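Secondary and tertiary structure notes
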Amino acid sequence: MRSTQEPRRAGWRAAALGAVLLLAAAACADPPTEAPRGDTSAVSFDTSAKQVHITTAKVDSIAAELPADVKASGKLVVGNGSAGGGQPPLGFTADDNKTPIGVEIDIAHLVASVLGLQAEVQTTSWENLFLGLDSGKYQVGISNIGVSELRKEKYDFATYRLGLHAFEGKKGSGLKIAGPADISGKNVAVSSGTLQEAILLEWNKQNAAAGRPAANLKYYQQSADTFLALQSGRIDLYLGPNPNATYHVATQHQTEIVGTVSSGYPIQGLVGVTTKKDNGLVKPLADALNAAIADGSYAKVLAKWGLNDEAVPKSLVNPPGLPKPPAK
């Protein structure tokens, strides 16, 4: 689910996290906020071009569900919106500055292996990703695409990750964020026009209704400025997408995740493998994901990229998504 885009991989490794991909949402029974989790600084990442993608055995009964033309081609053509370097650990460029890697790339190879296909991952821009799906250039999109009611009019979804945003605080801050009261009176950085900002604005409304002071929202043009402000104490928190926060915490060792919230608050956001509506691919994609969930290979992919907390128990086909915005 996409919210904003930032400079590419060099900026990540040099300094910080950017505000990134828009995560749309889908309703399910999961709570809208999550408790603070374990120490993500213990995670390490392989950013080499020669890393081995996690795959599993072909399941003939699921492969038999594929449309005849896809089965005959022997490949699954996947669009990924990480052109120009990408955003770790979602989809980004390896150390050779050309090979796409990341959790989305590994999911592509994993799903293809269950289907008995060879994954052909093509990187592109976010906008061109959807144009490529519309034209048939890409059979599927795997690029942190959130399920929404508007998107479901044109696309089918097989879900594979929860959509979460994360609050980062200075390491050792002692902060725990589980709901609106926990940000009351605090200085919180967020990127303008994002889903994260919308959540904070809603929480401030709830704080006002309860007679609590609002959080003071702070806006910075560069991610490096955000984290300098966090280290200096000028802000208490930064709210951004959970995958990127995980990567930042693990690689920079200066911050910690002190709470998470659903990307689609107050409903749970879901991210899905995306394909053109009614092209016959969504059921085999969901079945392939569920086979990988059942045999443990799916969990290995998420663990490799530090995203265990975004695991889903089951891939769902076209679940309820983020509601359409009200008509103007």
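Scroll up to find the structure.
So, here is what we can say about the structure in this document. Since this is a predicted model, take the numbers as computed values, not measurements. (Residues numbered from 1 in each chain as written. Predicted model: local features only at pLDDT ≥ 70, side-chain atom pairs only at ≥ 80, totals over all residues. Heavy atoms only, no water.)

1. Examining the pattern of salt bridges
Pairs can form between side chains of opposite charge once their charged atoms are near each other. Quick note on the threshold: A carboxyl oxygen of Asp or Glu within 4 Å of a side-chain nitrogen of Lys or Arg is what we treat as a salt bridge. Only DSSP runs of H or I with at least four residues qualify as helices, and only runs of E with at least two residues qualify as strands; both kinds are numbered from the N terminus onward. The buried label applies to any residue whose accessible area, calculated with a 1.4 Å probe on protein chains only, is under 20% of its type's maximum; exposed applies above 50%, and partly exposed to all values in between.
Tallied over the entire structure, the rule returns 11 salt bridges. For Arg161, the salt bridge is made with Glu104, and the minimal N-O distance between the two is 3.1 Å. Here Arg161 is found in strand S10 (residues 155-170), whereas its partner Glu104 is found in helix H4 (residues 103-114), with 57 residues between them in sequence. Judged by its relative accessible area of 0%, Arg161 is buried. Put simply, Lys152 and Glu149 hold a salt bridge, and the shortest N to O gap is 3.0 Å. According to the relative accessible area criterion, Glu149 is partly exposed, its value standing at 27%.

2. Details of unusual backbone geometry
A cis amide bond, omega 0 degrees, links Pro88 with the succeeding residue Pro89. Its location among the elements puts Pro89 in the loop between strand S5 (86-87) and strand S6 (91-93). Between Tyr265 and Pro266 the backbone carries a cis peptide bond, its omega angle lying at 10 degrees. One can find Pro266 in the loop between strand S14 (255-262) and strand S15 (269-276). In this structure, Asn144 takes a positive phi of about 60 degrees despite not being glycine. Positionally, Asn144 belongs in the loop between strand S9 (140-141) and S10.

3. Quick look at the side chain of Ser262
To keep things clear, this is the line we draw: We call two N or O atoms a polar contact when they sit within 3.5 Å, provided that within protein one can donate a hydrogen and the other can accept it, with sequence-adjacent residues counted only if both atoms are side-chain atoms.
Along the chain, the position of Ser262 falls in strand S14. Only 2.5 Å separates the side chain of Ser262 from the backbone oxygen of Ile267, close enough to count as a polar contact.

4. Some thoughts on the packing of H4 against helix H10 (residues 297-304)
Rules: Angles run from 0 to 180 degrees between N-to-C directions of axes, and those axes are lines fitted to C-alpha atoms, restricted for helices to the stretch in contact. For classification purposes, angles smaller than 35 degrees are called roughly parallel, those larger than 145 roughly antiparallel, those between 65 and 115 roughly perpendicular, and all remaining angles oblique. A clockwise turn of the near helix away from the far one marks a right-handed crossing, whereas an anticlockwise turn of less than a right angle marks a left-handed crossing. We call two residues contacting when some pair of their heavy atoms lies within 4.5 Å. For this classification, Asp, Glu, Lys and Arg are treated as charged, while Ala, Val, Leu, Ile, Met, Phe, Trp, Tyr, Cys and Pro are nonpolar and the rest, including Gly, are polar.
In contact at an axis separation of 9 Å, H4 and H10 are set at 165 degrees when each is read in the N-to-C sense. Looking at the two axes, H4 sits roughly antiparallel to H10. Once H4 is placed against H10, the crossing between them reads as right-handed. Contacts between H4 and H10 involve Val103, Asp106, Ile107 and Leu110 on the former and, on the latter, Ser297, Tyr298, Val301, Leu302 and Lys304. When grouped by side-chain class, the residues that make up the contact of H4 with H10 number six nonpolar, one polar and two charged.

5. So, the layout of surface pockets
Applicable threshold: Cavity means a closed set of points on a 1 Å grid over the protein atoms alone, one where a 1.4 Å probe fits but cannot get out, pocket means an open set with protein on both sides within 12 Å along at least 5 of 7 lines, and lining means a residue has an atom within 4 Å of a point. Grid points are joined across faces, edges and corners, and a volume is the space filled by probe spheres set on the points.
Roughly 240 Å³ of volume is contained in the largest pocket. As for the largest pocket, its lining consists of 12 residues, of which Leu195, Ala198, Ile199, Tyr265 and Leu322 are closest to the centre. When residues in the lining of the largest pocket are grouped by element, the largest group, four residues, is from helix H6 (residues 195-209). Grouping the amino acids of the lining of the largest pocket by side-chain chemistry returns seven nonpolar, four polar and one charged.

Keep in mind these numbers describe shape, not what the thing actually does.
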